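Listed below are the residues making up each chain.
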Amino acid sequence: MIKVKQLDYSYHIGKKGNQTSIPVIKKVSFEVKKGEIVAIVGRSGSGKSTLLNLLSGYISPDSGTIEIFEQNTDGYTEKEWAKFRLDHFGFIFQSYELIPSLTAFENIELPLILKGMKRGERQQSVEAMLKRIGLDQHGFHYPNELSGGQQQRVSIGRALITNPTIILADEPTGSLDSETEQGILDLLQELNEKEGITFLMITHDMEVAKVADRTLALHDGEMEERGVYYETK
Amino acid sequence: MFIMKLNDQFQMVKKNMKKNKLRVFMTVLATTMGCAFLIVLASIGFGLQGSIMEQMTEYQSITEIRVHGKDIDGEFHPLTKEDVESINTIEDVTGVVTQDYVPGVVVTNLNEFEGYSQMLLRNLDSAETTNFSLSEGRYPEKTNEIIVGYDFKETLYEPIGDNELEEGETGNNFSGDLLNETILVQIKDYESESILYEKEFVIVGIGKESARDWLNDGSIYANIDLKEEIFTVMDEPKERLEIYDNVSVHVMDIQQNERVTKELKEMNFAVYSITEEIDRLNIFFAAFKAGLIFVGAVAVIIASIGIFNTMTMAVTERTHEIGVMKALGANPLNIRQMFLMESAFIGVIGSFFGVLISYIVSFAANIIIPLILESVTESTEIDIVFSAIPIELVLIAVAISVGVAMLSGFRPAAKATSINVLTALRREA
C-alpha cells in the first residue's frame, strides 16, 4: 500500500548562498501493507514527524520515492496532494487540530464540505459518526467545551468521515492521560479489526507502539536495521 | 468531487464575518461612504447635464432641424422652392415645413369679440409631415379653413363700451367653443392702419397645448396657398413669393437628425440643429463626469485600504484554521475563493448602502439647494435638477466599489492560499 524507497530530506539553515544542510531523513525505506497498524518510534528529533510530513505531502523529499497505491507521488502539485489527502488519508494529530469556532459536528463535517458533498448526505454521515465515536450527545459542543479525550475522538471522527484507506496519526495519545489513552487505543484497534483500516502512527511511547502489528524505529533519521521490523505481537 | 459547494463557501464566509462584526461593520461603513461620495459627486454632473439639456430642448425639438438659407460661393441666399424640393428628397426626412409671417397688423373678429394675433402661412397637411399636432379638429382642406393656436381664445376680448379695443387693452375673454366658428381676419397697414386684406375663415382645428407653461400660442395658421393672394394685396416685393422666411426639416429621432443635419451641411445649407449643441455639451459633460467619477473613485480607493487591512487581519487570525483545512485536503482554489468572496461581500454590502444613501442625499439636495438659492437670490422659482443618479452611474459606482474591494482582497487571498501547513499547525518539519 505504501512503499518508501531511499528517502532523503534535509533542513536548510542560513541565508541564501551561505546555507547549511542538516540531514533529517537519511535513506529511509519501508513498506506498509493493507490493514496493518504500523508504529514508527523514536526519540525527539529522530525525524519521525518529518517522515509523516513527507508521507502527507506537506513537504517534498530531496530524493527517494513515495509510492502509495502503486502511484509515485513524486512531482505532485499542491493541488494534487490536497486531492490525494482528501480522497485517501485521514489525519489524527497530537494536539487534535480542531477548529475552535466550529462545533464537534461541524469539525467532523469539514472534510465532507471540502469534498463538495451535499448538505443532506453530510448530515446523516456526521450523525452516524458521532454515534460511532460515542459523542452523539456532544455534537453541538465547541472544542473548548470538550475534554481532551473527547476532542481526540472528534479528531478521529473527522479522520474517518471520508472513509479513508489509510490513517496517519501523529502521537494520537500524546496529550491524554493513561486512562483516556487506553480508550483511544482500543478505538483505533477496533477500527482496524472491524473495518480493516490501515494505520501508520508515530509515537515515542512504547506502550502505544504495542498496539501496532509492526514497529519501525528511527534513530537520527535512519531506520534502524533497515527493513528489519520489530515484531511486537 | 473536490470543489466546495458555493453555498458552503458562502456559509463559511458568513460565519467568519459574524465573528468580527465590529471590524467588518467599520470596513463596510468606509466602503459605503466611499461609494456614496462617488455617486453623489458624479450625480452633480448628470443632474446639471440633464437640466441644461432640458432647457435646450424646450426651445427646439430634437426632431427638428432649422434651415436658414444656402451658401452659394460664399454668399448667403434665402431658401427657394427648389431648395425645399431637394431637401424633401433626403432620406429619413418626414416633412419640410415652410413658414411665412404675414406682415401688417392682424386683427381677428369673432362675433362681438376682437383680438390681435399673428398670422402664419405654412403647409398644414398632417401631423406626421409638419410636426404640428392638433388637440381637436382636423387639418385644413380648403383655403378658407384655418387652424388656431391652443391659446388663441385668450387673444379675443369683448370691447368695452362702444369704443374699439386698442392694442394691449383688455375686456372680457371669449369663453365659447372655437371649433367651426367663422372669424373675420383683417390685415391692416402698420402705419396707416387701413385695412389691406380682409377674409372670413372657418376654424377647423385647434393646436395642441404647449408642454411649457410659459409658451403661449395665440397665432392663426393659414394654408401656404394663400401666400400669393395675401402678399400681392399687401404689395410685398414679388421675390418674396419665391422664397421662405422660415424652413424647418422634420425627422423621427435624434440619430436621423444627426445624419440629415450632416447631409444638409454637405449640400451647403446653413443649418441649426440642436444635435450639434447637444454633441458639444455631451463632450463637455463626458469629461466633467469622468473627472468627478475619478475624484469619487479616490474615496473608494481610500476605503479599499480598510478592506485590505481587514482581510489581512482575517488571514492572520485564521492561519490555524486555513492550515487545518489545507492539512485535511482543501482545494487551494476554494481557500482563495472564500477570501475573495469575503472582500467582494464587503464591497457589495457597502455599495448597496452607498447607493441607498446617495439616492437620499440626491433627493434632499434637489429640494434643499433650490430653496437656499431662491432665498439668497430672491428668485421666485429655480427649476434646476442639481443631482441625478441614472442607473448607469449606479452600475459604474458598484463596479468600481466591488472591483476595488476584490482587488484589495486579492493579496490577502493569495497569502491565505500560500500558508504553509506546518507553520500554521505549529508542527516541526
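Every value quoted in this text rests on a predicted model; they were computed, and no experiment measured them.

**Brief notes about the overall build of chain A**
No. 1: Regarding its fold elements, chain A presents seven helices and eleven strands.
No. 2: Looking at the 233 residues of chain A, the share that counts as buried comes to 42%.
No. 3: The long-range share in chain A, meaning contacts at least 24 apart out of those at least 6 apart in sequence, stands at 69%.

**Concerning the packing of helix H5 (residues 148–160) of chain A against helix H6 (residues 178–195) of chain A**
Residue and element names in this part refer to chain A.
No. 1: At a minimum axis distance of 10 Å, the contact between H5 and H6 shows a crossing angle of 20 degrees. Taken as axis vectors, H5 and H6 run roughly parallel relative to one another. In the crossing of H5 with H6, the sense of the turn from one axis to the other is right-handed. Contact residues: Gly148, Gly149, Gln152 and Ile156 in H5; Thr180, Gly183, Ile184 and Leu187 in H6.
No. 2: When its residues are assigned to classes, the contact of H5 with H6 shows three nonpolar, five polar and no charged.

**Overview of the pairing of strand S7 (residues 119–122) of chain B**
Residue and element names in this part refer to chain B.
No. 1: Side chains of S7 alternate between two faces, with Met119 and Leu121 and Leu120 and Arg122 buried alike.
No. 2: Here strand S4 (residues 95–101) pairs with S7 via three bridges, running antiparallel. For Tyr101, the partnering residue across the bridge sits in S7 and is Leu120.
No. 3: Taken together, the four bridges between S7 and strand S14 (residues 220–223) define a ladder with parallel strand orientation. Residue pairing across strands places Met119 opposite Ile220, the latter belonging to S14.

**Side note on the interface of chain B and chain A**
When the parts of a complex come together, some accessible area is lost, and that lost area is often used as the size of the interface.
No. 1: With 23 residues of chain B at the contact, the number on the chain A side is 22 residues.
No. 2: Sorting the residues of the side of chain B that touches chain A by element identifies helix H1 (6–19), helix H8 (319–328) and helix H11 (421–424) of chain B as the ones contributing at least two each.
No. 3: With six residues, H8 of chain B is the largest single contributor of residues to the side of chain B that touches chain A.
No. 4: Here the residues of the side of chain B that touches chain A sort into 14 nonpolar, two polar and seven charged.

**Section: the confidence of the model for chain B**
Residue and element names in this part refer to chain B.
No. 1: Taken over all residues, the pLDDT of chain B has a mean of 86, while the share at 70 or more is 93%.
No. 2: For chain B, helix H4 (residues 127–130) is the element with the lowest average pLDDT, namely 60, and H8 is the one with the highest, namely 94.
No. 3: Quick note on the complex model: pTM equals 0.70, ipTM equals 0.91.

Conventions we followed
Residues numbered from 1 in each chain as written. Chains lettered and ligands numbered in written order. Predicted model: local features only at pLDDT ≥ 70, side-chain atom pairs only at ≥ 80, totals over all residues. Helix = DSSP H or I, 4+ residues; strand = E, 2+ residues; numbered from the N terminus. Buried ≥ 20, exposed ≤ 12 C-beta atoms within 10 Å, placed from the backbone. Contact = placed C-beta atoms within 7 Å. Axes fitted to C-alpha atoms, helices over the stretch in contact; angles between N-to-C directions. Parallel < 35°, antiparallel > 145°, perpendicular 65-115°, else oblique. Left-handed = near helix turned anticlockwise from the far one by under 90°. Nonpolar A, V, L, I, M, F, W, Y, C, P; charged D, E, K, R; others polar. Pairing = 2+ DSSP bridges. pLDDT = per-residue confidence, 0-100.

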